[in-house]
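If you want the building blocks of each chain, they are given just below.
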Amino acid sequence: MRRRAGVAGALVCVLTAGCGPLSETHRDPGNSHQVATGAPSGRAEAAITITQGRVSPPSGWLEVAEGRLVAITVTSDVADELHVHGYDLAAELRPGVPATVRFTANLTGVFEVETHRSGLVLTQVAVR
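Summary of the structure given here.

Definitions and limits used
- Residues numbered from 1 in each chain as written.
- Predicted model: local features only at pLDDT ≥ 70, side-chain atom pairs only at ≥ 80, totals over all residues.
- Heavy atoms only, no water.
- Core = buried A, V, L, I, M, F, W, Y, C linked by side-chain atoms within 4.5 Å.
- Buried < 20%, exposed > 50% of the residue type's maximum accessible area, 1.4 Å probe, protein only.
- Helix = DSSP H or I, 4+ residues; strand = E, 2+ residues; numbered from the N terminus.
- Contact = heavy atoms within 4.5 Å.
- Salt bridge = Lys/Arg side-chain N within 4 Å of Asp/Glu carboxyl O.

## Re the nonpolar core
Move 1: Judged by nonpolar contacts, the single largest core of 25 residues is most densely connected at Val 70, Ile 72, Val 74, Leu 82 and Leu 122.
Move 2: Those elements that provide at least two residues to this core are β1 (44–51), β3 (60–64), β4 (69–76), β5 (80–84), β6 (89–93), β7 (99–104), β8 (109–115) and β9 (121–127).
Move 3: Examining the composition of this core, we find that four residues originate from one element, β1, more than from any other.
Move 4: Leaving out residues up to four positions away in the same chain, Ile 72 has contacts with Ala 46, Ile 48, Leu 62, Ala 99, Thr 100, Val 101, Val 113, Thr 123 and Val 125.

Here it is as structure tokens:
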């Protein structure tokens, strides 16, 4: 009986931990981590706009299968730098000019995409 209680307690901890955000690195999480793409297969694409310090759509996560292509296009109303953590990719953001980072998702995990100067979290890429 005691063993069952321990197993049940461990299961509750695992299940509730899985319901939290994908990463604790969010400084400005926006909403409930909406999925930016439907399925984890194929090509993952996201189009993000930054206007007056607001991210649209609100920051969430982009799910992609390992080995697939990822394309993230960001249009900002101010100059900044786009950065994909883990992949160490960057793109200069010029006001009103879309900038796209493309890469093959060959590292598994969750990787934050942010702006460096304004410190906005744009999305997180979950590679599984």
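Here the narrative resumes, following the displayed structure.
## Comments concerning the pattern of salt bridges
Move 1: By the definition in use, this model includes two salt bridges.
Move 2: Taking the shortest distance from any N to any O, the salt bridge between Glu 63 and Arg 128 comes out at 3.5 Å. Residue Glu 63 is found in strand β3, and its partner Arg 128 is found in the segment after β9; the two are separated by 65 residues along the sequence.
Move 3: For Glu 63, a relative accessible area of 15% gives the class buried.
Move 4: The partner of Arg 117 in a salt bridge is Glu 92, with the nearest N and O atoms 2.9 Å apart. Of this pair, Arg 117 sits in the loop between β8 and β9 while Glu 92 sits in strand β6, placing them 25 residues apart in sequence.
Move 5: Classification of Glu 92 as partly exposed rests on a relative accessible area of 46%.

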